[in-house]
Amino acid sequence: MALRKIREIGDPILNKTCKEVKEVTDRTRDLIDDMFDTMYEAQGVGLAAPQVGILKRIVVIDCGDDPLLLINPEVLETSGEQTGQEGCLSVPGKAGIVTRPNYAKVKAYNEDMEEFIVEGEELLARALLHEIDHLDGHLYVEKVEGELMNVVPDDEDEMEEEE
Ligand code: ZN
């Protein structure tokens, strides 16, 4: 496995607009594998390519059900509203209250550049919208209601170290 360095808030790359992926090359596949590794190592539920310094429209998400890869994701529909705590691997040690739609329908492409649709509610909808925001240079801190809070990292004893 290969871990990539997660860019943190203040790094200008996080505010740039990412480019569409035209074809999935071996390099793209390596990037995707590394993004999953980096996300799991950091115990995140989602990671966007700009967070590892690559300005491409690629997102990985795992809310605990299935690993999800989205290339060139596009939000087709949203509805409802949810208000809850949100964090970001690029804003370590912090969390904030963000209101987002409770449902999102997203079109994206898989590793073979085949189009698919993913629908999510609650945490998955939040993760989809949070990660897609990254591709347009937006961080959740722009949407936080009130102050950012400090969070104590989870006890890492629960995580087994993998090499
Ligand atoms: Zn994020």
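Once a new chain begins, its residue numbering starts again from 1 and follows that chain's sequence as written. For this predicted model, a pLDDT threshold of at least 70 governs which residues receive local features, and a threshold of 80 or more governs which side-chain atom pairs are given and counted, while totals over whole chains, interfaces and linings are taken from all residues. Side-chain metrics rest on all non-hydrogen atoms present in the structure, leaving aside hydrogens and water.

### Quick word on the state of the cysteines
Counting rule for disulfides: a pair of cysteine sulfur atoms within 2.5 Å. Overall, the coordinates contain zero disulfides when judged by the stated rule. The cysteine C63 is free of any disulfide, with C88 supplying the nearest cysteine sulfur at 14 Å. Under the scheme applied here, a residue whose accessible area is under 20% of the maximum for its type counts as buried, over 50% as exposed, and between as partly exposed, the area being computed with a 1.4 Å probe on protein chains only. On the basis of relative accessible area, C63 is assigned to the partly exposed category, the value being 24%. The buried category is assigned to C88, whose relative accessible area is 10%.

### Details of the pairing of strand β7 (residues 115-121)
Taken residue by residue, a regular strand's side chains alternate between the two faces of the sheet. Strands are labelled as partners when DSSP assigns at least two bridges between them. A run of DSSP states H or I qualifies as a helix once it reaches four residues; a run of E qualifies as a strand once it reaches two. Both are numbered from the N-terminal end. Across seven bridges, the pairing between strand β6 (residues 103-109) and β7 is antiparallel. In the strand pairing of β7, K107 is matched with I117. Between β6 and β7, which follow one another and run antiparallel, lie five residues, and M113 among them has a positive phi close to 60 degrees.

### Details of the pattern of salt bridges
Between Lys or Arg on one side and Asp or Glu on the other, a salt bridge is scored when a side-chain nitrogen of the former is within 4 Å of a carboxyl oxygen of the latter. Taken as a whole and judged by the stated rule, the model has nine salt bridges. A salt bridge links R29 to E111; the shortest N-O distance between them is 3.8 Å. Of this pair, R29 sits in helix α1 (residues 26-41) while E111 sits in the loop between β6 and β7, placing them 82 residues apart in sequence. Residue classification places R29 among the partly exposed residues on the basis of a relative accessible area of 29%. Judged by relative accessible area, E111 falls into the partly exposed class, the value being 27%. Here E86 ties to R100 by a salt bridge, and the two come within 2.7 Å at their closest N and O atoms. In this pair, E86 sits in strand β4 (residues 82-86) while R100 sits in strand β5 (residues 94-100), placing the two residues 14 residues apart along the sequence. Linked through salt bridges whose partners overlap, the residues forming this network are E86, R100, R126, D133 and K143.

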